[in-house]
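# Observations on the three-dimensional arrangement
Read off the chains here:
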Amino acid sequence: MNTFYITTPLYYINARPHLGHTYTTLVADCVSRYKKMKGYKVCFLTGTDEHGQNIERAAMDQKVSPQELADKNTEEYRKLWARFGVEYDQFIRTTDRQHHVASREIFQRAFDRGFIYKGEYSGWYCIPCNLFAPEAEIVPNCEVCRRSTERVTEESYFFKLSAFQGQLLDLYRQSPEFINPPSRRNEVIRFVQDGLKDLSISRTSVKWGIPLTFDKSHVIYVWFEALVGYLSGIGFGNKHTRDQFETYWPAQMQLVGKDIIRFHTVYWPAFLLAAGLPLPDRVYAHGWWLKDETKMSKSRGNVINPHILLNHFGSDAVRYFLLREIPFGGDGNFSYEALIHRVNSDLANDFGNLVSRTLTLISRHFGDIIPNPSADQLSSTLEKEVQNRAVLTIELYQKYMDELAFSKALEAIWELLSRTNKYINESAPWRLSKDPAQRSRLGTILFTCAEVSRITTVLLAPVLPGSCSRVWKQLGIQEELKSQRLDQLAWGQRVVGANLGQITAVFPRLDKEVILQRLFDQSNSKKKSKSEKSNKTEIVTPAVKDKSAKSSKVIVPSEAQSTTITIDDFTKVDLRVGQVVSAEKVKGADRLLQLVVDIGTETRQILAGIAESYSTESLVGKKIIVVANLQARKLRGLESCGMLLAASVGHEGTPVLATFLEEVPNGARLK
Ligand code: MSP
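Keep in mind that what you see is a predicted model, and the values were worked out from it rather than measured.

### What about the overall build of the protein?
- Within the protein, the secondary structure is distributed over 23 helices and 27 strands.
- In terms of its C-alpha atoms, the protein occupies a principal-axis envelope of roughly 100 × 70 × 40 Å.
- Counting over 671 residues, the protein shows a buried share of 53%.
- Nonlocal contacts in the protein, meaning residues at least 24 apart in sequence, comprise 73% of its contacts between residues at least 6 apart.
- Summed over all atoms, the accessible surface of the protein reaches about 30600 Å², with 50% contributed by carbon and sulfur.
- Of the side-chain charges in the protein, 86 are positive and 75 negative, and the distance between the mean point of each set is 2 Å.

Take a look at the structure:
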């Protein structure tokens, strides 16, 4: 069996995880799940980088020991990954004993092979980044975070990085795939060509670290030992776990952010060469998530808290958004509006709609059993087109996933979804269901849609694990979703005869204004209590800060404002019993239906935003409640004369029409 070892960076634990860390981990989780579904024996490693002066200082500030701080904050990462459904195979903490042993061994190996010597180091050092800045006359700022550096002089062990210039350049030439994306390769090559200085790899000024066995006043420089985490995490340095190490090392894929590419493509291979170990196949640097066009980072105070995203959107929506929104490798600006848009348009409308329409019709007309298609009809042009698109999608998806082009892989799936949704509209199964002579045609259409649902659910499982397993249950397929092999996925008749599970909406629509308001309320709850002194409080939603947002201000009425009305006020509202005569979808508006309603004295055209909860055919004949004296208004160029009453249910405000238990004449007044 082919093995696949994938790693994320080991995250610093002096701060809580933010969206940037979450991104790398979710990408790794998605790749790991994808590879598992392709039959690989995968090891997915993540973990925490817990030593160094910045942790020592943070612990001092919080009046706890560095170990206590590390224990507490590493849990933050574990909890977050659990909430996102991240299924890592190994979690390495650099404070683990095993890691200490492994780090000392790598140091010793490089020392024994003549690549480490003792000297004195004096240089400009950035404590938060654990990074020396290039030598300069005046205090330089850190190259990574731009903060001011400090002068440090101390006895130190040095790593002979300069000795590896030739071997590194050979590596980049002979294995061009080592540095990804290719656009990053030149920047690394230039850095190495400019000449490599030896690297100070031990500290006497820092206590919170791994002491050297042969010189206990020194601890190993954090970057040197943190990188060793990729080895210690799979068992390096322990004879009992040697097999595991040998099974997985060298790694096939090491994911990092672009800011730490030099550590991973220059220092890391040099350390490995010095220790006589094989090099990883690929290092892949992704871009940054930006907020308001600047890098999201704790020091800038513009981070997005992933827990808040989870609370409002759920894990799969965030996973989908992060992978779909920007091409992997590039930077991307985060906005709540874009996230809400993706959920509503891609997940609720395209994927959710296809599944729920298909399953509802199968349940209604075939007693919950996925029907057999007719062989003749399956080879008709329309069905063939959908089938061919599905076959092409399976191929394209794997090609793009192998290139880490997640956005393109998802785009390919969405082409298939939109072709299939169009196919349903074109073949109008709800109309055929009224004609018994069309039963076999109806079966073919619903089979085709169910088969597309099965295929897309398997393809999307690495990205949307939770939702896809819910869809899978609804499809009623017996085998486990996780056991489906992507490399064996093909168009077929595997769904025929499946007994559907309970049908529920997997991707409810989000109400943009409501969500933005809730996000605002949450992030401003402290400020709000101060500003609530005035009668009316004008507050700015998160949308205001976002240039792409259209909405700007939300007026919050003070609690003193009256919310009761008199009976006279109420009787001004003319509520009537109406009966739906016809219902049609409004072109270009996903939620809107154009209804003709008989209200006793006349028929009215009313537009209602209920298309996602009610099919047009289910409405015809239904008795409803109409606000008859509402001023007419135009929506999408069509006049709406009145309004329907519906309960707004749940978090998403799903409409549920008010109706009657007994027979009532059209036009009867409600009082
Ligand atoms: N501890 C080192 C890594 C050692 S690996 C042996 C470290 N930790 S970190 O917590 O600062 O960063 C971890 C990763 O998060 C990096 O890959 C970094 O690029 C990524 N991100 C931090 N902020 C980010 C964004 N705003 N956007 C995307 N990823 C970013 O570096």
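### Some points on the packing of helix H5 (residues 165-174) against helix H6 (residues 185-193)
- Running from N to C, H5 and H6 point in directions that differ by 160 degrees, and their axes come no closer than 10 Å. Taken as axis vectors, H5 and H6 run roughly antiparallel relative to one another. Relative to H6, H5 is oriented so that their crossing is left-handed. Residues Gln-165, Leu-168, Leu-169 and Tyr-172 of H5 pack against Arg-185, Val-188, Ile-189, Val-192 and Gln-193 of H6.
- A breakdown of the residues in the contact of H5 with H6 according to their chemical character gives six nonpolar, two polar and one charged.

### Here we look at the site of the ligand
- Among the 23 residues in the neighbourhood of the ligand, the closest are listed as Leu-10, Asp-49, Gly-257, Asp-259 and Trp-289.
- A distance of 2.7 Å separates a nitrogen atom of the ligand from a polar atom in the side chain of Asp-49.
- Those elements that place two or more of their residues in the shell around the ligand are strand S1 (3-12), helix H1 (19-36), helix H7 (222-232) and strand S11 (253-257).
- A breakdown of the residues in the shell around the ligand according to their chemical character gives 13 nonpolar, seven polar and three charged.

### A closer look at the layout of surface pockets
- In this structure, the second largest pocket encloses a volume near 1600 Å³.
- As for the second largest pocket, its lining consists of 48 residues, of which Asn-353, Arg-357, Lys-585, Ala-611 and Glu-612 are closest to the centre.
- Of all the secondary structure elements, the ones that give two or more residues to the lining of the second largest pocket are helix H12 (336-366), helix H15 (406-427), helix H16 (429-432), strand S18 (575-585), helix H23 (616-619) and strand S26 (654-657).
- For the lining of the second largest pocket, the element with the most residues is H12, which contributes ten residues.
- Class assignment of the residues belonging to the lining of the second largest pocket gives a composition of 16 nonpolar, 17 polar and 15 charged.

### Topic: the sheet that holds strand S3 (residues 90-93)
- What the six strands build is an open sheet, ordered S3-S2-S1-S11-S12-S7; its pairing is parallel. Each of the sheet's edge strands pairs with one partner strand only, and the pair in question is S3 and strand S7 (179-180).
- Note: strand S2 (residues 41-49) against S3, four bridges, orientation parallel. Residue pairing in the sheet places Leu-45 in a bridge with Gln-90 of S3.
- In this fold H1 packs onto S1, S2, S11 and strand S12 (283-286), with an angle of close to 170 degrees to the strand it touches most, S1.
- Contacts from helix H3 (residues 66-83) reach S1, S2 and S3 within the one sheet, and its direction differs from that of S3 by about 160 degrees.

### Side note on helix H18 (residues 465-475)
- All of the buried residues along H18 are Pro-465, Ser-467, Cys-468, Val-471, Trp-472, Gln-474 and Leu-475.
- Contacts from the buried residues of H18 go to H1, helix H11 (315-325), H12 and helix H17 (439-460).
- Just beyond H18, the residue with positive phi is Gly-476, at close to 75 degrees.

### Focus: the packing of aromatic side chains
- Under the criterion given, the structure shown has 39 aromatic pairs.
- Considering the side-chain rings of Tyr-11 and Tyr-77, the 5.4 Å spacing of their centres and the 0 degrees angle between planes classify their relative orientation as stacked. Of this pair, Tyr-11 sits in strand S1 while Tyr-77 sits in helix H3, and the two are 66 residues apart along the sequence.
- Tyr-11 gets classed as buried once you look at its relative accessible area, which sits at 5%.
- Through a chain of ring-to-ring contacts, the aromatic side chains of Tyr-23, Tyr-284, Trp-289, Phe-313, Phe-321, Phe-328, Phe-334, Tyr-336 and Phe-406 assemble into a single cluster.
- Cation over ring: Arg-262 sits above Phe-191, and NZ or CZ is 3.9 Å from the ring centre.
- The aromatic ring of Phe-366 is capped on one face by Arg-439, whose charged end is 4.1 Å from the ring centroid.

### Describing the confidence of the model for the protein
- A residue-level look at the protein finds 93% of positions with pLDDT of 70 or above and a mean pLDDT of 89.
- Considering only residues more than four positions removed or in separate chains, one finds that residues 526-563, a stretch of pLDDT under 50, has 47 contacts.

### Re the sheet that holds strand S14 (residues 294-295)
- What the three strands build is an open sheet, ordered S14-S13-S15; its pairing is mixed. Among the strands making up the open sheet, the edge pair consists of S14 and strand S15 (332-333).
- Bridging between strand S13 (residues 289-291) and S14 involves two bridges; their strand directions are antiparallel. Residue pairing in the sheet places Lys-291 in a bridge with Thr-294 of S14.

### A short note on the pattern of salt bridges
- Enumeration according to the criterion identifies 37 salt bridges in this entry.
- Ionic pairing is found between Arg-342 and Glu-325, a salt bridge with its closest N-O pair at 2.7 Å. Placement of Arg-342 in helix H12 and of Glu-325 in helix H11 is noted, with a sequence separation of 17 residues between them.
- Residue classification places Arg-342 among the buried positions, given a relative accessible area of 16%.
- Residue class for Glu-325 comes out partly exposed when judged on its relative accessible area of 26%.
- Through salt bridges with shared partners, a single network forms among Asp-29, Arg-33, Glu-87, Arg-319 and Lys-482.

### Structural notes on the pairing of S12
- Burial of the side chains of S12 extends over both faces: Val-283 and Ala-285 are buried on one face and Tyr-284 and His-286 on the other.
- Across two bridges, the pairing between S7 and S12 is parallel. What sits directly across from Asn-180, in S12, is Tyr-284.
- Judged from the four bridges that link them, S11 and S12 form a sheet pairing that is parallel. Looking at the pairing, Gly-257 lines up with His-286 of S12.
- Crossover S11 to S12 through helix H9 (residues 261-275) is right-handed.

Cut-offs used in this document
- Residues numbered from 1 in each chain as written.
- Predicted model: local features only at pLDDT ≥ 70, side-chain atom pairs only at ≥ 80, totals over all residues.
- Heavy atoms only, no water.
- Helix = DSSP H or I, 4+ residues; strand = E, 2+ residues; numbered from the N terminus.
- Buried < 20%, exposed > 50% of the residue type's maximum accessible area, 1.4 Å probe, protein only.
- Contact = heavy atoms within 4.5 Å.
- Areas by Shrake-Rupley, 256 points an atom, 1.4 Å probe, with all protein chains shown as cover.
- Lys, Arg positive; Asp, Glu negative; His and termini not counted.
- Charge placed at Lys NZ, Arg CZ, Asp CG, Glu CD.
- Axes fitted to C-alpha atoms, helices over the stretch in contact; angles between N-to-C directions.
- Parallel < 35°, antiparallel > 145°, perpendicular 65-115°, else oblique.
- Left-handed = near helix turned anticlockwise from the far one by under 90°.
- Nonpolar A, V, L, I, M, F, W, Y, C, P; charged D, E, K, R; others polar.
- Near = heavy atom within 4 Å.
- Polar contact = N/O pair within 3.5 Å; in protein donor to acceptor, adjacent residues only side chain to side chain.
- 1 Å grid on protein atoms, 1.4 Å probe; cavity = no way out; pocket = protein on both sides within 12 Å on 5 of 7 lines; lining within 4 Å.
- Points joined across faces, edges and corners; volume = space filled by probe spheres on them.
- Pairing = 2+ DSSP bridges.
- Phe/Tyr/Trp six-rings, centres within 6.5 Å; stacked < 30°, edge-to-face > 60°.
- Lys NZ or Arg CZ within 6 Å of the ring centre and 35° of its normal.
- pLDDT = per-residue confidence, 0-100.
- Salt bridge = Lys/Arg side-chain N within 4 Å of Asp/Glu carboxyl O.
- Right-handed = clockwise from strand over helix to strand, strands pointing away.

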